[in-house]
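Secondary and tertiary structure notes
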Amino acid sequence: MTLQKKRALHIGNVSWLLLGAMSHNALADDTPTQLPDITVTAPSPIQRHRTAPTRTPSHVVRAAPSRNRERAAAVQPAPAAPAPQQGVLPVVTDQFATVTVIPNEELRRSGAATLGDLLFSKPGITGSSFAPGASSRPIIRGLDVNRVGIVENGLGGGGVSDLGEDHFVPIDPLSTNQIEVVRGPAALRYGSTSIGGVVSATNNRIPDAMPTCAAAPFQSYGLPVKAPLAGAGAPGCLNVETRTSVSSVNRGVDGGMLLDAGGNNVAVHADVYGRTTSDYSIPSYPYLFVPGQPFNSRQPNSATQSDGASVGASYFFQGGYIGAAITQNDSFYHIPGIDGADHQTRIDAHQTKIAVKGEYRPDAAAIDAVRFWVGATDYRHNEIGLADPADLSSDGVRQTFTNKEQEARVEVQMMQFNARFATVTTAFGLQGGHQELTAPSPDDPTSPLNGLWDPNKNNRVAGYVFNELKFTDTTKAQIAGRIEHVDLSGTTPAFIPPIFDVATDPASIGPATPQSAHYTPKSGSLGLIQNLPWDLVASATAQYVERAPKPAELFSRGPHDATGTFDIGNPNLGIETAKSIEIGLRRATGPLRFELTGYYTRFDGFIFRRLTGNTCDESACQLGPGLELNQARYSQRDAIFRGAEFQSQFDIGPLNGGIWGIENQFDVVRATFTDGSNVPRIPPVRLGGGFYWRDSNWLTRINLVHAFAQNDIAVIGETPTAGYNLLNAEITYNTKLNSSWIGAREMTLGLVGNNLLNQNIRNSVSYTKDEVLMPGLGVRAFANLKF
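Conventions adopted
Residues numbered from 1 in each chain as written. Predicted model: local features only at pLDDT ≥ 70, side-chain atom pairs only at ≥ 80, totals over all residues. Heavy atoms only, no water. Helix = DSSP H or I, 4+ residues; strand = E, 2+ residues; numbered from the N terminus. Buried < 20%, exposed > 50% of the residue type's maximum accessible area, 1.4 Å probe, protein only. Contact = heavy atoms within 4.5 Å. Areas by Shrake-Rupley, 256 points an atom, 1.4 Å probe, with all protein chains shown as cover. Patch = residues over 30% accessible without salt bridge, like charges linked within 9 Å, V, L, I, M, F, W, Y side chains within 5 Å. Salt bridge = Lys/Arg side-chain N within 4 Å of Asp/Glu carboxyl O. Lys, Arg positive; Asp, Glu negative; His and termini not counted. Charge placed at Lys NZ, Arg CZ, Asp CG, Glu CD. Core = buried A, V, L, I, M, F, W, Y, C linked by side-chain atoms within 4.5 Å. Polar contact = N/O pair within 3.5 Å; in protein donor to acceptor, adjacent residues only side chain to side chain. Pairing = 2+ DSSP bridges. Phe/Tyr/Trp six-rings, centres within 6.5 Å; stacked < 30°, edge-to-face > 60°. Lys NZ or Arg CZ within 6 Å of the ring centre and 35° of its normal. pLDDT = per-residue confidence, 0-100. Disulfide = S-S within 2.5 Å.

**A closer look at the overall build of the protein chain**
- Looking only at helices and strands, the protein chain has seven helices and 35 strands in total.
- The burial tally for the protein chain puts 58% of its 787 residues in the buried class.
- Considering only intrachain contacts with a sequence separation of at least 6, the fraction spanning at least 24 residues in the protein chain is 69%.
- For the protein chain, the exposed surface amounts to about 29,700 Å²; the carbon and sulfur share of it is 60%.

So this is what it looks like as structure tokens:
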């Protein structure tokens, strides 16, 4: 065992021992501490109407609707309350799903440019890290792309990141107020493509509340005061926030401005953001198996540039609101790796998205609320590079991806009713969508392999129901079900043999043949929450989930540079089934806060890229090695995923007017096919711990995460990945300001140090891990102002 690994283990063990030694006192003496309220909406369509807790809240929830509209008074903003302290671990105990929350104040401190980078070290979650800082998609419990959904304000993200690891996710954390990650199956609400989980980003682009100009607490979790019953005579209000930062590791600069205004029952939101980086610094030569490439202490071809803007508005009426927004996302980024650097590969991506949502709470005895979402996306990106690395004049568009997608969802939440044995709350949902995908290439347009899976389209419609049963104040259950119908159509060759060469023999593969597939996935779940002594909450869930194949799995037929494979789809794939059991124990209040989860999932017909051992180029495949791409056929096998996750914070006691404590984390996922062989690209075992100190203004924190070496790899096409130690530290200062000084009412400043040991970090789940290192030592300075 190396000295660095021993040091990491010692630090982790010391933190665990401290936690174990002090947990008894924590359970026996729960001194009240100022903790933030956490509101999540992603896991379930049932939204609970809460009253303000006895402790001082960090935000005010929406008042319950009046059943007499004539006498309903306008909702007035509650008086400002003292802000809870920064850096408190958010633990969600009132949801049947396992949820990780990234609140607004943590988003501002992180400064990550992608969702994958933001969630890289969260227990049970990591990022794909294909192009750090530009293209990194979240991976949940070892599952990615086709099994993890990404939504923004209740609607799909609308890009093509699930169809290529080099494609960016068109949701930037800089414009986001809160991230919710459902770890585990989320297909019941979001569809079978979320069989592994869902990442939900929320912001105020469609205002769901009138803004308040009262001095808001620092830790708002991105949620303004809820006030759907706004009075017509409410005074006008304007809030402005600026978000800026600079980073040393990539010479990066980013900035954003958000505006929220309202009056006379109309709320308006506008935001604009942008970021630019150069090639980022790395600790050493990045190419693990190819010596002699050009290197200047930076990851070649890793620069990025992105920007976006949005305008939205909502109208509030008696009992609800309706709103709409239009958003533009643009990103221009380089693709690192040997092939990307040699061909100077870049992606120029643009997305226009229109979204509409609303809520109505009628004066009715049976219906509590009706909510709806409608969205349309027009996405396009060009993959640009040199056709010949030796000929700079050969630069041009190598392939174009487009996605035109429409989606709609409506949910009806019923009023609670007493069924004698339990208080029952029911919500029904209907969801539909249409998608058209293309991926043409100007290179050899007459080839039967041109376009990878171009073109294809799919339609989907689904209905679902959630029932929550409250037996007592301490015992609750959930029963949910979903049925979905999916139609997919595309074109593939009639057959693709293991060996062929269409350049010399065009008939070596079958003629282009229209294909269509129809699936009806059905899913169900059962969950239980039990409150225990000492503020503990236990949970258990069982789920049966079915997933329809995605277009790329059915219709692929050609080279896929991002994965280094020649993909061959299988239009005869069947439904993938997951049977999952999960248990959890959590504690969200008091000086000791923690979350412990264990899960076991068996997949029947798990769909994956099966490497055959043959290799290919752009137009031919041969037996054995020799060509640049691995031949991959989409296949199905049974697989088992099991694992556990833990995270905790323990406030040890007062120190210099604040509170200091320790934190810990651990996660493991083991994934094998039923014959004992390994599922490829699975995250390593990770163990971490650290210390923090905070008061009403300051937060300081230092944390070390050790990732063990990943040697449980696939037989073909995967190499072992070395372990690493990731040491991060941060210091943040927040204060209220006298607005007469610079016009701002609140300011947050901070310094964050990342990878302070300047370690060589390779992500075992990344297709480019042997050629792309994660960024080295860097310091980021940020400033946020609220006006």
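**Focus on a negative patch on the surface**
- There is a patch of like negative charges on the surface, built from Asp 339, Asp 342, Asp 561, Glu 618 and Glu 628.
- Secondary-structure assignment places Glu 628 in the loop between strand E28 (620-622) and strand E29 (629-655).
- Here Glu 628 falls in the exposed class, since its relative accessible area comes to 58%.

**As for the nonpolar core**
- One finds Val 160, Leu 163, Tyr 333, Trp 453, Leu 488, Tyr 519 and Leu 554 to be the most contacted residues of the largest nonpolar core, which totals 28 residues.
- When contributions to this core are tallied by element, the ones reaching two or more residues are strand E13 (346-360), strand E19 (475-493), strand E21 (512-519) and helix H6 (551-555).
- No other element matches the three residues that H6 contributes to this core.
- Contacts of Leu 488, omitting those with residues within four sequence positions, involve Lys 457, Asn 458, Gln 515, Ser 516, Ala 517, Tyr 519, Pro 549, Lys 550, Pro 551, Leu 554 and Phe 555.

**Re the side chain of Glu 484**
- Relative to the helices and strands, Glu 484 is located in strand E19.
- For Glu 484, a relative accessible area of 7% translates into the label buried.
- Engagement of the side chain of Glu 484 in a polar contact is seen with the side chain of Arg 482, the distance being 3.3 Å.
- Apart from the residues within four sequence positions on either side, Glu 484 is in contact with Gly 191, Ser 192, Val 461, Ala 462, Tyr 519, Thr 520 and Pro 521.

**Thoughts on the sheet that holds strand E6 (residues 178-183)**
- The five strands are arranged E1-E6-E7-E4-E5 in an open sheet whose pairing can be described as mixed. Of all strands in the sheet, those bounded by a partner on one side alone are strand E1 (98-102) and strand E5 (155-156).
- By the bridge criterion, two bridges tie strand E4 (residues 148-152) to E5 in an arrangement that is antiparallel. Residue pairing across strands places Glu 152 opposite Leu 155, the latter belonging to E5.

**Remarks on the environment of Pro 173**
- In this structure, Pro 173 sits in the loop between E5 and E6.
- By relative accessible area, Pro 173 is classed as buried at 3%.
- Along the primary structure Pro 173 and Ala 112 are separated by 61 residues, whereas in three dimensions their C-alpha atoms are 6.8 Å apart.
- For Pro 173, the contacting residues outside a window of four places in its chain are Leu 107, Arg 108, Ala 112, Ala 113, Thr 114 and Leu 115.

**Digging into the pattern of salt bridges**
- Using the criterion set out here, one finds 42 salt bridges in the structure.
- The partner of Arg 609 in a salt bridge is Glu 165, and the shortest N-O contact between them spans 3.9 Å. Linking Arg 609 in strand E27 (residues 592-616) with Glu 165 in the loop between E5 and E6, this pair joins segments that are 444 residues apart in sequence. In this structure, Arg 609 and Glu 165 share a single accessibility class: buried.
- Here Asp 567 makes a salt bridge to Arg 609, at a shortest N to O gap of 3.3 Å.

**Quick look at unusual backbone geometry**
- Of the consecutive residues Asp 454 and Pro 455, the connecting peptide bond is found in the cis state with omega at -20°.
- Within the element layout of this structure, Pro 455 appears in the loop between strand E17 (423-438) and strand E18 (456-470).
- Unusually for a residue other than glycine, Asn 153 sits at a positive phi of about 55°.
- Tracing the sequence through the fold places Asn 153 in the loop between E4 and E5.
- Phi at Arg 681 takes a positive value of approximately 55°, unusual for a residue other than glycine.
- By secondary structure assignment, the location of Arg 681 is in the loop between strand E30 (658-673) and strand E31 (686-694).

**A word on the side chain of Asn 146**
- Turning to its location among the elements, Asn 146 is positioned in the loop between strand E3 (138-140) and E4.
- A polar contact of 3.0 Å, which involves the side chain of Asn 146, links it to the side chain of Glu 553.
- For Asn 146, the contacting residues outside a window of four places in its chain are Asp 162, Thr 193, Arg 547, Lys 550 and Glu 553.

**Some remarks on the packing of aromatic side chains**
- Enumeration over the complete set of coordinates arrives at 18 aromatic pairs.
- With a centroid separation of 5.6 Å and an interplanar angle of 35°, the aromatic rings of Phe 316 and Tyr 321 are classed as tilted.
- Pairwise contacts between aromatic rings join Phe 603, Phe 606, Phe 608, Phe 641 and Phe 673 into one cluster.
- Of note, Arg 141 hangs over the ring of Tyr 599, and the distance from its end group to the ring centre comes to 4.0 Å.
- We note Arg 147 situated over the ring of Phe 606; from NZ or CZ to the ring centre the distance is 4.0 Å.

**Comments concerning the confidence of the model for the protein chain**
- Across the protein chain, the average pLDDT comes to 87, with 88% of residues at 70 or higher.
- Note that pLDDT drops below 50 for residues 1-32; the model gives that stretch 44 contacts with residues more than four away or on any other chain.
- Below pLDDT 50 for its whole length, residues 50-82 participates in 61 contacts with residues either more than four positions away or in separate chains.

**Quick notes on the pairing of strand E26 (residues 576-587)**
- Pairing between strand E23 (residues 536-547) and E26: 12 bridges, direction antiparallel. The residue bridging Ala 540 from the neighbouring strand is Ile 583, located in E26.
- Relative to E27, E26 runs antiparallel, the two sharing 11 bridges. The residue of E27 that forms the bridge with Ile 581 is Tyr 600.
- If you look at the hairpin formed by E26 and E27, you'll find four residues sitting between the two strands, and Gly 590 has a positive phi there, around 85°.

**Description of a nonpolar patch on the surface**
- A grouping of Trp 698, Ile 731, Leu 751, Leu 756, Leu 777 and Val 779 is seen on the molecular surface, where their side chains present a nonpolar patch of about 470 Å² in accessible area.
- Take Trp 698: it is sitting in strand E32 (residues 698-707).
- Among the residues examined, Trp 698 registers a relative accessible area of 35% and is labelled partly exposed.

**Things to note about the state of the cysteines**
- Summed over all chains, the structure comprises one disulfide.
- Paired by a disulfide, Cys 616 and Cys 621 hold their sulfur atoms 2.0 Å apart. Residues Cys 616 and Cys 621 are joined by a disulfide whose S-S torsion is about 100°; by sign, that bridge is right-handed.

**Some thoughts on the environment of Glu 407**
- Mapping Glu 407 onto the fold places it in strand E15 (residues 395-414).
- Separated by 32 residues in the primary sequence, Glu 407 and Gly 375 place their C-alpha atoms 5.3 Å from one another.
- If near-sequence neighbours (up to four positions away) are discounted, Glu 407 is found in contact with Gly 154, Leu 155, Gly 156, Trp 373, Val 374, Gly 375, Gln 431, Gly 432 and Gly 433.
- At 3.3 Å, the side chain of Glu 407 forms a polar contact with the side chain of Gln 431.

**A word on the environment of Pro 336**
- Counting through the fold element by element, Pro 336 comes out in the loop between strand E12 (320-334) and helix H5 (338-342).
- In sequence terms Pro 336 and Leu 773 are 437 residues apart; their C-alpha atoms lie 9.5 Å from each other.
- Setting aside residues up to four positions removed in sequence, Pro 336 forms contacts with Phe 130, Ala 131, Gln 299, Pro 300, Asn 301, Ser 302 and Val 772.

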